[in-house]
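# Report on the structure
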Amino acid sequence: MKSVILAAGKGERLDPLTQTRPKAFMPILGSTVIERIISFLEELSIKDIIVVVSKDLPVEYNEFIYKLNKFSNVKIVMQDTRLYGTAAALLPLRSEINDSFLLIYGDLLIEKEAIENILNSEYNSILGVEVNNPKDYGVLNIRDQKFLDKIVEKPENPMSNLINGGIYKLDQKIFDYIDKIGKSIRGEYELPDALNLMATENKIEVVKYNKTWMDIGKPWEIIDANKKILDVEKSKNNGEVEDGVVIKGKVIIENNAKILHGTYIEGPAYIGSNSLIGPNSYIRPYSIICGNNRIGASVEIKESVIMENTKVPHLSYVGDSVLAEDVNLGAGTLIANLRFDEKEVKVNIKGEKITTKRKKFGAIIGGHVRTGINVTILPGIKIGAYARIYPGAIVNRDVQKGEFFKS
Amino acid sequence: MKSVILAAGKGERLDPLTQTRPKAFMPILGSTVIERIISFLEELSIKDIIVVVSKDLPVEYNEFIYKLNKFSNVKIVMQDTRLYGTAAALLPLRSEINDSFLLIYGDLLIEKEAIENILNSEYNSILGVEVNNPKDYGVLNIRDQKFLDKIVEKPENPMSNLINGGIYKLDQKIFDYIDKIGKSIRGEYELPDALNLMATENKIEVVKYNKTWMDIGKPWEIIDANKKILDVEKSKNNGEVEDGVVIKGKVIIENNAKILHGTYIEGPAYIGSNSLIGPNSYIRPYSIICGNNRIGASVEIKESVIMENTKVPHLSYVGDSVLAEDVNLGAGTLIANLRFDEKEVKVNIKGEKITTKRKKFGAIIGGHVRTGINVTILPGIKIGAYARIYPGAIVNRDVQKGEFFKS
Amino acid sequence: MKSVILAAGKGERLDPLTQTRPKAFMPILGSTVIERIISFLEELSIKDIIVVVSKDLPVEYNEFIYKLNKFSNVKIVMQDTRLYGTAAALLPLRSEINDSFLLIYGDLLIEKEAIENILNSEYNSILGVEVNNPKDYGVLNIRDQKFLDKIVEKPENPMSNLINGGIYKLDQKIFDYIDKIGKSIRGEYELPDALNLMATENKIEVVKYNKTWMDIGKPWEIIDANKKILDVEKSKNNGEVEDGVVIKGKVIIENNAKILHGTYIEGPAYIGSNSLIGPNSYIRPYSIICGNNRIGASVEIKESVIMENTKVPHLSYVGDSVLAEDVNLGAGTLIANLRFDEKEVKVNIKGEKITTKRKKFGAIIGGHVRTGINVTILPGIKIGAYARIYPGAIVNRDVQKGEFFKS
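Being a predicted model, the structure only gives us computed values, none of them experimental. (Residues numbered from 1 in each chain as written. Chains lettered and ligands numbered in written order. Predicted model: local features only at pLDDT ≥ 70, side-chain atom pairs only at ≥ 80, totals over all residues. Heavy atoms only, no water.)

## Let's talk about the relation of the copies chain B and chain A
Once chain B has been moved 0.1 Å along the axis and rotated by 121 degrees, it coincides with chain A to within an RMSD of 0.1 Å. The superposition operator between the copies reduces to a three-fold rotation axis. (Least-squares fit on C-alpha atoms with pLDDT ≥ 70 in both.)

## Some words on the interface of chain B and chain A
Listed by partner, the interface residues are 24 residues for chain B and 28 residues for chain A. Our count for the contact surface shared by chain B and chain A stands at one salt bridge. Across the salt bridge formed by Glu242(B) and Lys248(A), the nearest N and O atoms sit 2.9 Å from each other. Summed over the shared surface of chain B and chain A, the result is six residue pairs in polar contact (both at pLDDT 80 or more). Contributions of two or more residues to the side of chain B that touches chain A are made by strand S24 (294-297), strand S27 (311-314), strand S34 (370-371) and strand S37 (388-389) of chain B. (Contact = heavy atoms within 4.5 Å. Salt bridge = Lys/Arg side-chain N within 4 Å of Asp/Glu carboxyl O. Polar contact = N/O pair within 3.5 Å; in protein donor to acceptor, adjacent residues only side chain to side chain. Helix = DSSP H or I, 4+ residues; strand = E, 2+ residues; numbered from the N terminus.)

## Let's talk about the interface of chain C and chain A
The interface is formed by 28 residues belonging to chain C together with 24 residues belonging to chain A. Taken over both partners, the interface formed by chain C and chain A buries close to 1900 Å², and the fraction arising from carbon and sulfur atoms is 63%. On the surface where chain C and chain A come into contact, there are one salt bridge. The interface formed by chain C and chain A holds six residue pairs in polar contact (both at pLDDT 80 or more) in total. (Buried area = accessible area lost by both parts, 1.4 Å probe.)

## Comments concerning the packing of aromatic side chains
The description of an aromatic ring pair rests on the distance of the ring centres and on the angle between the ring planes. Using the criterion set out here, one finds 27 aromatic pairs over all chains in the structure. Summarising the aromatic geometry, the rings of Tyr123(A) and Phe147(A) are spaced 4.9 Å apart at their centres and angled 80 degrees between planes, so their arrangement reads as edge-to-face. Of the two residues, Tyr123(A) is situated in the loop between helix H4 (112-119) and strand S8 (124-130) and Phe147(A) in strand S10 (residues 147-153); the sequence distance between them amounts to 24 residues. With a relative accessible area of 27%, Tyr123(A) lands in the partly exposed category. Assessed through its relative accessible area of 5%, Phe147(A) is described here as buried. One aromatic cluster in this structure is built from Phe340(A), Tyr390(B) and Phe404(B). Above the plane of the ring of Tyr390(B) lies Lys406(B), whose end atom (NZ or CZ) is 4.3 Å from the centre. (Phe/Tyr/Trp six-rings, centres within 6.5 Å; stacked < 30°, edge-to-face > 60°. Buried < 20%, exposed > 50% of the residue type's maximum accessible area, 1.4 Å probe, protein only. Lys NZ or Arg CZ within 6 Å of the ring centre and 35° of its normal.)

## What about the domain arrangement of chain A?
All names here are of chain A. One can read the domain layout of chain A as domain 1 (2-215) and domain 2 (219-405). Each of domain 1 and domain 2 has a C-alpha centre, and the two are 30 Å apart. If you look at the interface, domain 1 gives 23 residues, while domain 2 gives 32 residues. Interface area for domain 1 against domain 2, summed over the two sides, is near 2200 Å², with a carbon-plus-sulfur share of 65%. Put simply, domain 1 and domain 2 have four salt bridges between them. Note that Asp-15 is salt-bridged to Lys-382, the shortest N-O span being 3.8 Å. Seen at the junction of domain 1 and domain 2, the total is 10 residue pairs in polar contact (both at pLDDT 80 or more). For the side of domain 1 that touches domain 2, the secondary-structure elements that each account for two or more residues are strand S2 (27-28) and strand S13 (213-215). Partitioning the side of domain 1 that touches domain 2 into residue classes produces 10 nonpolar, four polar and nine charged. (Domains from an automatic or database assignment. Nonpolar A, V, L, I, M, F, W, Y, C, P; charged D, E, K, R; others polar.)

Written as structure tokens, this is what we have:
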């Protein structure tokens, strides 16, 4: 069976992270969301995987997309960006698909079981994820106990606690239904519209699922996603741990990672491959050091995701924050993670102040950012990719991509 | 024998500490000045202890006064604030006192021997403390070799090196003499005036004493007081000390305190109960961590008193300073403790710049203060209770109670 | 044989270091350039050493010059500053020199072999140092295969790869030639002019040499010089190293140095006598701690020369920098050592921006400087002797001698 992974979403709410990194490539421990999905497909012996990406990509996306070359079964297809939306992304594949196929959103954090369940259905099928807050999603109305009646976006009064899980098994007829629908009010061709049309004339089984399922929409959810996965992983030490290192609780240390004397690690924590930690660092619970990182002397990390190649070399405190790839924090750069009034920290998402629902939240720092020494960053701040923060600056507002910030 | 402890003083020179904490409750290691006195009384089998406090108290004082409830023999009496002074504070107790009684100022740092000596006198008696600088105190003029002639406040030419030690054994006649005196030039009814009158008609024995005696008048004297007591205490370890902790010299570690790997403690030092220290902290001589504190990673403390519930969690240096209860220093908050000219550090006391007589002195930080990250505090600064210091601010002047300081 | 060491040069390009320290006394590990030369002379049994210094010295030079009193064979002679130049410095010695004598520039980093080779010559002689870039020096034109024809300053087309090495064996006739030359275009009496004149009528052998030879002209070359010597020294531990200290690679620890628990030293590194390091310091390759230093808790040093009596006591990062004697860095003072554009760091040398040819270079800090807490110093900055840097200041321009800098 062929499998199509849709990875063309812009992920604007994940800005500034998506300025240099595709949404589907948000890190999960040492891997990424989409690589995780592909690994599941390979484990399930899906031999033919098409990943749909946008033609109109920031150049920085390429290095991530190229990473998929390590999977021999993956073929990458560029989407024509003049046609918008998830459904439109499928149309160019019509000629390649000659049977039932698996369709998956590439930015979903799931367990393998979600795909397995779909594959086990005898019908066209859709994943129905059991949630407590269906109102915030596309809710699945059901007929005849098990078949899709209609997907209703964010209904006031949800008919079920099952939501559209973004994983489907579909036959070729779906292309005909996509042909028939028009643009949605968002100006996009929406797959749910095609599915709703298909459901009126076909049986689409709703396959229930109640394990890990997350659409990482907002930057701080990257922390949540990693916590969730870290919680189910087991301790591992494939690195080099010097004498005089303290390790408490569950800690995963990958190949070629090296932990220097005097470092204190309180698990759960993840130390990615080729990372150098210490001496005298303090790594607290839910620190995710993705790989090829330098976490230096007298640095404290707490409940943060530090993406690949990023360095926090000297005398810094990073708590409850998300740092993209290839960031360098100058010595003594500190990130505040608590307001004086101890209210929930808010973050600007597409022009609107959104609560993170966290009393403790630090900063979101885009790819390739450099901060000078002694920089002070306030809670809830976003720093755009490639920004430069002048030494000693107090960052008390969001910083634009490429901006040179001097307070 | 009944005992009366006067604890109604305002302690304005201890501002901002007394904004939220009674003068008699200044900390001495894990205890307070007044609790120390009460413990001595209990050890001396004084079963009936009246503590006189002011009716007109900051609400924050209550939690301290309530702490006395743990002593079963203590009764708390509120003073009517319309009548002023130490003598006036006694009058409402006239009906309760029917014999000789012990009278003690509650804000004096003393040894048990001071009380014992008074108790051993056959007469009415007053503690005469031997000092080198009697001019600064109420000096005791003596007649017939052992009896009080007169207490003279701050005389140019002291008649003795004995000063009024603030501990007395008196019979009920004292109330009559209080009735007879008028207000002093300070507008208060002064106990010494009543004693002087009593001395003209009665024998009041001057009981000599030359051990620890301190009236903690100015904030930095809290450090001195604690040093004095720490110097005579013995090492103790009732806490948990991890491997890789270095302890040099005399260190007292109380119940449930925990010292994490890589912490270096140079005694004499006091680590109060329920405190968490480390990893990789540096605790230098005369650090007094009163109890329930968090002293964090890569933090250095030196010759400072850190009161209950206060946190210095990350990358700070606190030297020669006094931090009140429930303070939180943001990561990287540093306190300077040396002027460029290396002159003695001065502090504003009641509107006047007073030398601390210390070349090294840091800051005095009131209760419930929060500082942001990367805050810089200059030597001799006072920060009022509940103040908020903006991240990155340079605090170069005193900060008022509740002020939001942004440089 | 008598030996004359010329140590009267001003070393203006080494400003601000030479504001308080003679050029010849730039540190080499625990010694200085000139002391190193004198030690070689003593090893070679030269019993009569005259060191020529300027009469017109900053008062701070005296303590350095007095250090030479420990060498029993050394006599110090003050130069009359009304006559300028290296040659002029020699003339007052005419009456004392009655035979061939050794003449050496006191600010040259050399090996003993350089002097030995000169001593072995049968003729008047000059050291010819083999270099790759002769154009930048005084090039030796040679006649009859081994004798000096002429010294040509910075020629476009060098006739050889041998340059004037600043070490000579000369007979008394040199004084006559100095008499005959006039002032050079620099307004000084130049020794090479006298040598050129002498060479026309006498045989001056060019003695070849290809080992360590460095004229430390610019501040960052002090780092290079120390690296060079450290590279050939052997590990040594004459100090006290506590348990829980990590030492990797070649580290020299001198008498009475003490390294506290949790300190991590990555050699090659030099820890001078009476220095106190730690706890929890991070000493990285090519850290040169000259002697009597305090490197404190949670401090990181990398590829820097820290001269005598200088203190970096708390929470600092010092990378690729030169700190003169008796400097004190306030807690949390950080030195940046990398530009945002990662271009070579430039430094003002005599009014001109000169590249250090280093992508990583920090600051040059003059003697007796004090920085406040939380000070930020940018790459390539020079801070003049005795300057005071206000707490929290961002030093983004050179600071003058004695200046009080507040940003």
